[in-house]
Amino acid sequence: MTVSPPRLTLNHIQRRYGESQQWFAVREASLVVEPGEFLAIVGRSGSGKSTLLNIIGLLDSRWEGSYHLGDIDVRGLSATQIDHLRSTTYGFIFQSSYANPYESTERNATLALAIQGAPLREQSEKVSRALEAVGLDQKAAALARSLSGGERQRLAIARALTTNPSIIVADEPTGNLDSETGDQVMEALLELNRQGATVILVTHDPRIAAYADRTVRMADGVLEITGAENSVGSKLDGQERPSLAVTPSKERRGTRSRRASDRLTRAINNVTSRPLRSVALIAAFALAFAGLIGAAGIGATASQQIAGRLTAAARDEVRVNVPAGTSDEEAAAWLDRLGELPHVREVGQVAPLDANTARTSRFAFTSASGNSPFQGSTVAVDSGLFGVLDIGTSPQSLSRLFSSTKEHVALVGADAGAQLGLSDRGGIGAEVWVNGEPYTVVGTITAAPREPNLLTSVVVPLPPFSAGSRQIVVRTDPGFAGPLASAIPLALSPASPADISVETAAELRNLRVGVQTDLNGLLASLAIALLALAILSGASAMFISVQARTQELALARAVGLGQRGVAAIFLWEGVVIGLAGALAGIAGGLAISVAVAAARGWTAIAPWETIAIAPVAGAVCGALAAFLPAVRAARIDPADAIR
Ligand SMILES: Nc1ncnc2c1ncn2[C@@H]1O[C@H](COP(=O)(O)OP(=O)(O)OP(=O)(O)O)[C@@H](O)[C@H]1O
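Residues numbered from 1 in each chain as written. Predicted model: local features only at pLDDT ≥ 70, side-chain atom pairs only at ≥ 80, totals over all residues. Heavy atoms only, no water.

A word on the overall build of the protein chain
Link 1 in the chain: Check the secondary structure of the protein chain and you find 19 helices and 20 strands.
Link 2 in the chain: Buried positions account for 50% of the 643 residues belonging to the protein chain.
Link 3 in the chain: Considering only contacts within the protein chain whose residues lie at least 6 apart along the sequence, 79% involve residues at least 24 apart.
Link 4 in the chain: Working note: accessible area of the protein chain is about 29400 Å², and carbon and sulfur atoms make up 56% of it. (Helix = DSSP H or I, 4+ residues; strand = E, 2+ residues; numbered from the N terminus. Buried < 20%, exposed > 50% of the residue type's maximum accessible area, 1.4 Å probe, protein only. Contact = heavy atoms within 4.5 Å. Areas by Shrake-Rupley, 256 points an atom, 1.4 Å probe, with all protein chains shown as cover.)

A look at the pairing of strand S19 (residues 470-476)
Link 1 in the chain: Within S19, seven of the seven residues are buried, which leaves the element mostly enclosed by the surrounding structure.
Link 2 in the chain: By the alternation rule, side chains of S19 split into Arg470, Ile472, Val474 and Thr476 and Gln471, Val473 and Arg475, which are all buried.
Link 3 in the chain: Both strand S11 (residues 317-322) and S19 contribute to a ladder of six bridges, which runs antiparallel. In the sheet register, Arg319 faces S19, and the bridge partner there is Val473. (Pairing = 2+ DSSP bridges.)

Here's the deal with the nonpolar core
Link 1 in the chain: In this structure, Leu8, Ile41, Leu52, Ile56, Tyr67, Leu69 and Ile200 are the most contacted members of the largest nonpolar core, which totals 54 residues.
Link 2 in the chain: Of the residues forming this core, the biggest block, five residues, is contributed by helix H16 (residues 550-558).
Link 3 in the chain: In terms of domain composition, this core takes at least three residues from each of domain 1 (6-230) and domain 2 (258-306 + 509-640).
Link 4 in the chain: Counting 37 residues, the second largest nonpolar core, distinct from the first, contains Leu136, Ala160, Leu201 and Ala209. (Core = buried A, V, L, I, M, F, W, Y, C linked by side-chain atoms within 4.5 Å. Domains from an automatic or database assignment.)

Focus on H16
Link 1 in the chain: Burial analysis of H16 places seven of its nine residues in the buried class, which makes it a mostly covered element.
Link 2 in the chain: Taken together, the buried positions of H16 are Glu552, Leu553, Ala554, Leu555, Ala556, Arg557 and Ala558.
Link 3 in the chain: Directly after H16, the chain includes Gly560, whose backbone phi takes a positive value near 115 degrees.

Description of the packing of helix H3 (residues 105-116) against helix H8 (residues 256-273)
Link 1 in the chain: As a packed pair, H3 and H8 sit with axes 9 Å apart at the nearest point and diverge in direction by 145 degrees. For the element pair H3 and H8, the recorded crossing hand is left-handed. Counted together, Arg107, Leu111, Ala114, Ile115 and Gln116 of H3 and Arg259, Asp262, Arg263, Thr265 and Arg266 of H8 form the full contact between these two elements.
Link 2 in the chain: A per-class count over the contact of H3 with H8 returns three nonpolar, two polar and five charged. (Axes fitted to C-alpha atoms, helices over the stretch in contact; angles between N-to-C directions. Left-handed = near helix turned anticlockwise from the far one by under 90°. Nonpolar A, V, L, I, M, F, W, Y, C, P; charged D, E, K, R; others polar.)

Considering the UniProt feature "transmembrane region" (unreviewed entry) in the protein chain
Link 1 in the chain: Per the UniProt record, "transmembrane region" (unreviewed entry) is annotated on residues 279-300, 522-546, 566-599 and 611-631.
Link 2 in the chain: Each end of residues 611-631 is marked by a C-alpha atom, and these two atoms are 31 Å apart; helix forms 100% of the span and strand 0%. (UniProt positions renumbered as here; feature names shortened; annotations may be inferred.)

Some thoughts on the site of the ligand
Link 1 in the chain: Surveying the vicinity of the ligand reveals 13 residues, the closest of which are Ser45, Gly46, Lys49, Ser50 and Thr51.
Link 2 in the chain: Contact with the protein chains covers 66% of the free accessible surface of the ligand, which is 630 Å².
Link 3 in the chain: Mapped by element, the contributors of at least two residues to the shell around the ligand are strand S2 (23-33) and helix H1 (49-56).
Link 4 in the chain: Among the elements that make up the shell around the ligand, the one with the highest residue count is H1 (three residues). (Near = heavy atom within 4 Å.)

Here's the deal with helix H10 (residues 328-340)
Link 1 in the chain: With 13 residues, H10 extends 19 Å between its outermost C-alpha atoms, agreeing within 8% with the 18 Å of an ideal straight helix rising 1.5 Å per residue.
Link 2 in the chain: The complete set of buried residues in H10 reads Ala331, Trp334, Leu335 and Leu338. What you see down the axis of H10 is that its buried residues fit within an arc of 100 degrees, all on one side. Away from its buried face by more than 90 degrees, H10 exposes Glu329, Asp336 and Glu340.
Link 3 in the chain: Of the surrounding elements, those touching the buried residues of H10 are S11, strand S12 (344-353), S19 and helix H14 (481-492). (Expected span 1.5 Å × (residues − 1). Arc of directions from axis to C-beta.)

Written out as structure tokens, the structure is:
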């Protein structure tokens, strides 16, 4: 025993319960417990023994009267000072000797020392000694759930021994044990008393009370003390009695970081020791993050794909809108003039036909029932467009058939043949009907990197369809799209250049940025909704677990863990779960975006910014989910919860 116990002086202590506080569980109790005394409090069930013991053990603070520990008035102490005193001066042994079933005997016995933040070596030495003292050294590594009732009670004594408490508070420590095991436990308590500790014991068993120096009796909340019984005098008279340290001392009580690391370890242990609950919680966060990362990945991949096409087009493509009513001859003159401009490589024309003009179908409308109109687009082009837009055909070199021969030929996009009911070979030689006239299919469009919708279109020669909107597409030397876009209106119409409308893909790029911003906004709202859902489900699961862990938390509070410490353990649990969920979600989300990209033949782009933020977001969301459960856990009253 390193610190001598203080004298305990209780005067007119009262504890009331009930809505209007009119029910007295303890009434006008006055008691002096001398240092080193072994006191038994006996009485019938419900007489108020445990209530008084909880007040003596500083587990309950809602009492009236006065209570001094040596010279210290307990009323004047802060909650933190009381936590500290419980941790350093008191040892608790309860009837329901709670042990965390998922932790080893050794780890359970370390609880009080770890909460103090004692150095690891000191923890291990003191725990080994304590387990040896109660005969549990052989069971150090066994999980607490495998211990018998008697062994669990001895574990509780070992846990109380580790901090060298000067006051032992024991509530029915032998209540659940057979008489032989009960005697062993009492021998252990006697030994502690012989070494100088004050022992205060509650029992209803006279045989157990006989171990004590003095017995007081509770009856209906009233403490009955005969004059002779009131004090036995201190066994420690003459010994040095240092004053109690009520304020946590950093030197003795370990560093803040060691305590923090103990809370983190405890939180990780709580997560890993209940795998089913944890997996369900982590899965909720993982789903949210997989959705977020997957959507961001697919967005980035698709955006890269579009950006690639637009960047290429922006460098060397200019489109001139030909006004309606322009004749074929005028258009041809424009083509010639544009073809002669410096840095122009090729020119071509394209005219999307509206569905009413084209009325494209496989058969003539009158000829067959079941002849449904073609759903894809119909486009008229001239021979120049093939070179301008890098259009590939099968067989090759079909573009010459489109050079103003006015022949009724058609090309079918690679993805349009099936819709038209053409054979696998592209339907060469078959007829399709456009604007009421038959066109012979001469081949298939196999590639159209700059105008992918041609792959789902029927393409016919331009001259027969001069009506409607038409564009001249100019392919320039790389990098000359911008300058030519400025020069072309003047070249075509020196008198009124403003009448000529010109487009470059650079404008589309701006549009893309706008669309991307909208898409990102949409993704962000989706992610927030998913995360809110994960936080809610996490919070409700943790709330339920606070309920299930009341005793564990109450014991930790009893041996000195402050309210902030309890909250910290829960917040850490939330952080660990959120982080694990985010990491699993990153893996899942990447797998989704890679699979989608592979299915489309794209190169997958990882959304690095989102991936970098995800773990932090996971930790924050986990902590948010744990916040209310942590507050609730911190509010657990050890005096109520431990009974
Ligand atoms: N939190 C509480 N709320 C309301 N009443 C309480 C509360 N705690 C204790 N009581 C009441 O105070 C009285 C004394 O309870 P206490 O547990 O101190 O008795 P005890 O002598 O220790 O009984 P036992 O030997 O059965 O444990 C009982 O009537 C009990 O119902």
